[in-house]
Amino acid sequence: MAILILIILAVFLSRNQNQEDTQFITIGLFLSIALLLWIGNVQITRFFDHQFPWLSYGRRRFFFHLVAGILYTLFVINGSYQLFKVLFTSGPPTTEQVIVANVYGLVLFIPTFSIYFSLQFLRHWQETQMEAERFQKESIRSELNSLKNHLDPHFLFNNLNILSSLIDKDPAASQNFLERFASFYRKILHTKSEELITVEEELDFVATYMYLINTRFENNITYQLQISSEAKSRMIPPLTLQMLIENAIKHNLITETKPLHIEICDREDDYVQVSNTICEKPESLREKSGSGLDNIQSRFKYFTTDPVLIERNEDRFIVNVPLLTIEII
């Protein structure tokens, strides 16, 4: 697109001005370069905003964006000068002319690019500050909701009932259940102040949660896990996978004849997928709170432009959450 604009301007100038009119040609050259630099830098910014967000790749983004901008500036200066020289003079530029053109071009356009780059950085910094405040509110709400859900009288009552029955039937099992129960709440309190944790840490928390749930539902929930070691080292907001499993348990009937099947696996496109079979509860038994998925989506928006993908077919409910890589600046 940018090269096409340059060619159109060059053809227009060559048809409407004599070759001797160097002043008009020079003005056209500089206007063309300025237009190409503006269009190109907008596209470069959009590309890096998507591929290397400032928050996730701060240091890498700074150097990559700076180098890309300088290289593009040099390419435009040299390409424009070569094209105009061929169209309006008797031959291509000499080495000395190319050097002079690059020196003048850098002197004129590098400061302009620096101002543009600084303004983009300032704009992003302001947006990040606003996003940080919004994310803080979302995180606090998520922590409160999570604690409220897990300190819910029904949740405590069910687990204490299970513990009580195990004490009579199997003291060893009751001791193990009590330790897992205590570990579950320790992990909640430990992670509630963290913005991100590794997938491996989250899976450790999920394993404890699934032990409690399977004890309650008498193993009527099957849990299949296929996560690579590379995916385990990536990061996600805490309680993400646990909340998705909890969401599946809340909205589906779970019986011996209708067990709930949950699968967690990583995909090749840097996503983790959580899917479950569907056997919805009757309307009268459904819980009204439906903010879990909204909360997860809001938290991921703070760290990445990659969306949380939600799908549903006849058999399964599927949620795909992006894996994060955060660079320390």
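Before going into details, it helps to say that this report is about the structure given with it. (Residues numbered from 1 in each chain as written. Predicted model: local features only at pLDDT ≥ 70, side-chain atom pairs only at ≥ 80, totals over all residues. Heavy atoms only, no water.)

Let's shift gears to the overall build of the chain. If you tally the helices and strands in the chain, you get 10 helices and seven strands. Split into buried and exposed, the 329 residues of the chain put 41% on the buried side. Across the chain, the fraction of contacts at a sequence separation of at least 24, relative to all contacts at a separation of at least 6, is 73%. As displayed, the chain offers around 18900 Å² of accessible surface, 60% of which is attributable to carbon and sulfur atoms. (Helix = DSSP H or I, 4+ residues; strand = E, 2+ residues; numbered from the N terminus. Buried < 20%, exposed > 50% of the residue type's maximum accessible area, 1.4 Å probe, protein only. Contact = heavy atoms within 4.5 Å. Areas by Shrake-Rupley, 256 points an atom, 1.4 Å probe, with all protein chains shown as cover.)

Each pair of packed helices gets described by two things: the angle between the helix axes and the distance between those axes. Their axes nearest at 9 Å, the elements helix α6 (residues 171-191) and helix α7 (residues 199-216) cross at an angle of 135 degrees. With respect to α7, the axis of α6 lies oblique. At the point where α6 passes α7, the crossing takes the left-handed sense. Contacts between α6 and α7 involve Ala173, Asn176, Phe177, Arg180, Phe181, Ser183, Phe184, Lys187 and Ile188 from the former and Asp204, Phe205, Ala207, Thr208, Tyr209, Tyr211, Leu212 and Thr215 from the latter. In terms of residue class, the contact of α6 with α7 is built from 10 nonpolar, four polar and three charged. (Axes fitted to C-alpha atoms, helices over the stretch in contact; angles between N-to-C directions. Parallel < 35°, antiparallel > 145°, perpendicular 65-115°, else oblique. Left-handed = near helix turned anticlockwise from the far one by under 90°. Nonpolar A, V, L, I, M, F, W, Y, C, P; charged D, E, K, R; others polar.)

What follows is about the environment of Thr191. Mapping Thr191 onto the fold places it in helix α6. In this structure, Thr191 is in contact with Ile197 and Pro238, ignoring residues within four places of it in sequence.

Okay, the pairing of strand β6 (residues 309-312) next. In this sheet, strand β7 (residues 316-322) lies alongside β6 in antiparallel orientation, the contact comprising four bridges. Note that in β7 the partner of Ile310 across the bridge is Val319. Between β6 and β7, which pair antiparallel in sequence order, lie three residues. (Pairing = 2+ DSSP bridges.)

Next up on the list: unusual backbone geometry. Residue Asn219 is not a glycine yet carries a positive backbone phi of 60 degrees. When you line up the elements, Asn219 lands in the loop between α7 and β2 (221-226). For Asn219, a relative accessible area of 60% corresponds to the exposed category. If you check the backbone angles, Leu239 has positive phi at about 75 degrees while not being a glycine. You can call Leu239 buried: its relative accessible area is 7%.

Turning to the sheet that holds strand β4 (residues 260-266), a few remarks are in order. As summarised here, the arrangement of the five strands in space is β2-β4-β5-β7-β6, forming an open sheet in which the pairing is mixed. Bordering the open sheet on either side are β2 and β6, each of which pairs with just one other strand. Strand after strand, the sheet turns through a mean of 10 degrees between neighbouring axes, direction not considered. Looking at chain direction, β4 and strand β5 (residues 271-277) are connected through five bridges and run antiparallel. Bridge pairing in β5 links Asp266 to Val272.

Among the surface-exposed residues, Glu194, Glu195, Glu200 and Glu201 lie close enough to one another that they form a single negatively charged patch. Among the structural elements, Glu195 can be located in the loop between α6 and β1 (197-198). Looking at Glu195, the relative accessible area reads 44%, which means it is partly exposed. (Patch = residues over 30% accessible without salt bridge, like charges linked within 9 Å, V, L, I, M, F, W, Y side chains within 5 Å. Salt bridge = Lys/Arg side-chain N within 4 Å of Asp/Glu carboxyl O. Lys, Arg positive; Asp, Glu negative; His and termini not counted. Charge placed at Lys NZ, Arg CZ, Asp CG, Glu CD.)

The contact between helix α9 (residues 240-251) and helix α10 (residues 292-303) brings their axes to 10 Å, and the two run at 160 degrees. Taken together, the axes of α9 and α10 are roughly antiparallel relative to one another. As for how α9 packs across α10, the hand of that crossing is left-handed. Residues Thr240, Met243, Leu244 and Asn247 of α9 form the contact with α10, whose participating residues are Gly292, Leu293, Asn295, Ile296, Arg299 and Phe300. Its residues placed into classes, the contact of α9 with α10 shows five nonpolar, four polar and one charged.

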